[in-house]
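# Chain and residue survey
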Amino acid sequence: MRRPSWVPEGTDLDKPNAARVYDYYLGGSHNFEVDREMARKALALWPELPQIMRSNRAFLRRAVVQLAERGFSRFLDIGSGIPTFGAVHEIARTVRPESQVVYVDRDPVAVAHSRLLLAEDHGCSVVQADLRHVEDLLARPEVVEILAAGEPVAVLLVAVAHFVTDEEDPWKLIATVRDALPPGSALVLSHASLEGRPDQAEDHQRLYRMTPTPLTMRTHEQITAMFEGFELLEPGVVYLPQWRPDQPESVGEHPERMTGVAGVGLLP
C-alpha cells in the first residue's frame with residue numbers, strides 16, 4: 001500500500017501494530033486496514049475490547065488529575081502510543097497549567113505522530129526509546145532533564161508492562177526506573193490481568209503473537225509486585241473501573257469484565 005505522509009520511512013505497513021490497533025479501538029484515524037483486520041478478529045473473540053480500552057484511558061485520566069491535584073507537574077509517560085483523545089499534558093494542565101510531559105515510545109509511527117502534534121509545545125518532548133532497554137531510556141537528555149530537578153515525577157506505565165515478556169523481566173525494569181526517581185515520585189500502572197476473563201486470555205494472547213508486540217497477561221499478585229518500593233494509594237491494585245471512579249455507580253456489577261487492573265503508588 002502507499003505510505004501516508006504521516007508515516008515515517010521504513011515502517012512495515014503489512015503487519016498489524018499494537019499502538020495503531022489501540023488507536024482504532026479508541027476511534028482514532030491513525031491506523032491501517034491490517035490493524036483494523038486484527039482488531040476485527042480480536043473483537044470476534046472479545047466484543048468488549050473497545051470498552052476495556054476506554055476504561056483504561058479513563059483510569060489514566062483519573063490518575064493524572066489526582067496526581068496533579070497533589071502537586072505533580074512533571075510526568076514521564078512511557079509507552080505513550082499514538083496521541084489520541086485526552087493526552088497527558090492536556091489532562092494535567094486542567095489542574096496545573098505549568099505541567100511538563102516527556103512522552104516515550106518505541107514505535108516510530110507513534111513517535112512521529114507525537115512530534116508532529118507537539119512541535120509547538122515547549123513543555124512537552126518526545127523520545128523514541130524502549131522500556132526493555134531501560135538504561136538507554138533513562139540516559140536520554142529529555143528524561144535526564146525531567147528527573148534532574150529533584151521534583152517528584154509521575155511515571156506512567158499504562159497498558160505497557162504486559163508487552164514485556166517474563167524473560168525480559170518487567171519487575172527489574174520497573175525497579176530500575178524507580179531507583180532513578182526523585183523522592184515523592186509516583187508510579188501509575190495498568191496491566192492486562194489473567195483473572196478477569198480467564199476464558200478469553202489464551203486466545204487473546206495468541207492473537208497478539210501475530211504482531212511485533214506479543215502480550216503477556218499476568219496474575220494480580222504478579223502485577224502488584226511491580227509496585228515494590230512504592231506505597232499504594234487506596235484502593236490498591238483493582239480492576240480498572242474500581243480505581244477511584246468519578247461516580248460509584250459507574251463501576252457496574254462486573255468490573256472484572258474490564259479485565260485490566262490498575263494502581264497508583266508513591267515513593268516515600
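Residues numbered from 1 in each chain as written. Predicted model: local features only at pLDDT ≥ 70, side-chain atom pairs only at ≥ 80, totals over all residues. Heavy atoms only, no water.

Per the secondary structure count, the protein chain includes 10 helices and 8 strands. Per-residue burial for the protein chain yields a buried fraction of 54% across its 268 residues. By sequence separation, contacts in the protein chain at least 24 residues apart represent 71% of the contacts at least 6 residues apart. With an accessible surface of roughly 12,000 Å², the protein chain has 52% of that area assigned to carbon and sulfur atoms. (Helix = DSSP H or I, 4+ residues; strand = E, 2+ residues; numbered from the N terminus. Buried < 20%, exposed > 50% of the residue type's maximum accessible area, 1.4 Å probe, protein only. Contact = heavy atoms within 4.5 Å. Areas by Shrake-Rupley, 256 points an atom, 1.4 Å probe, with all protein chains shown as cover.)

What follows covers the layout of surface pockets. Here the second largest pocket defines a volume of roughly 190 Å³. Lining the second largest pocket are 12 residues; nearest its centre among them are Ser55, Arg62, Pro241, Ser250 and Val251. Across the lining of the second largest pocket, the residue classes break down as 5 nonpolar, 5 polar and 2 charged. (1 Å grid on protein atoms, 1.4 Å probe; cavity = no way out; pocket = protein on both sides within 12 Å on 5 of 7 lines; lining within 4 Å. Points joined across faces, edges and corners; volume = space filled by probe spheres on them. Nonpolar A, V, L, I, M, F, W, Y, C, P; charged D, E, K, R; others polar.)

The geometry of an aromatic ring pair comes down to the distance between the two centres and the angle between the two planes. In total, this model carries 2 aromatic pairs according to the counting rule given. Each ring, one from Tyr24 and one from Tyr25, has its centre 6.4 Å from the other, and the planes form 50 degrees; the classification is tilted. Accessibility expressed as a relative area gives 28% for Tyr24, which makes it partly exposed. (Phe/Tyr/Trp six-rings, centres within 6.5 Å; stacked < 30°, edge-to-face > 60°.)

What follows covers the nonpolar core. Counting 33 residues, the largest nonpolar core has Val104, Leu131 and Leu157 as its most contacted members. Secondary structure elements with two or more residues in this core: β1 (74-78), β2 (100-105), α6 (134-139), α7 (141-148), β4 (154-158), α8 (170-179) and β5 (186-192). Not counting chain neighbours up to four residues away, the residues in contact with Leu131 comprise Ile78, Leu137, Leu157, Val160, Val164, Leu173 and Val177. Leu60, Leu67, Val158 and Leu240 belong to the second largest nonpolar core, which has 29 residues in total. (Core = buried A, V, L, I, M, F, W, Y, C linked by side-chain atoms within 4.5 Å.)

Our focus in this paragraph is the environment of Pro141. Tracing the backbone through its elements, the reader meets Pro141 in helix α7. Sequence-wise, Pro141 and Val127 are 14 residues apart; in three dimensions their C-alpha atoms are separated by 9.2 Å.

All right, on to the side chain of Asp77 then. One can find Asp77 in strand β1. Those residues within four positions of Asp77 in sequence are excluded, and the remaining contacts are Val88, Val101, Val102, Tyr103, Val104 and Leu156.

What follows concerns the pattern of salt bridges. Scanning all chains against the criterion turns up 14 salt bridges. Between Arg74 and Glu151 there is a salt bridge, and its shortest N-O distance comes to 3.3 Å. With Arg74 in strand β1 and Glu151 in the loop between α7 and β4, this residue pair connects regions lying 77 residues apart in the sequence. Note on Glu151: relative accessible area 37%, which makes it partly exposed. Among the salt bridges present, the one from Arg106 reaches Asp130, with a minimum N-O distance of 3.7 Å. Here Asp130 lies in the loop between β3 (124-128) and α6 and Arg106 lies in the loop between β2 and α5 (108-117), a separation of 24 residues in the sequence. (Salt bridge = Lys/Arg side-chain N within 4 Å of Asp/Glu carboxyl O.)

Take helix α2 (residues 33-45) next. Taking 1.5 Å of rise per residue, 13 residues should cover 18 Å, and α2 covers 19 Å from first to last C-alpha, within 8% of that figure. Listed as buried for α2 are Asp35, Met38, Ala39 and Ala42. Axial view of α2: buried residues confined to an arc of 100 degrees, hence all on one face. (Expected span 1.5 Å × (residues − 1). Arc of directions from axis to C-beta.)

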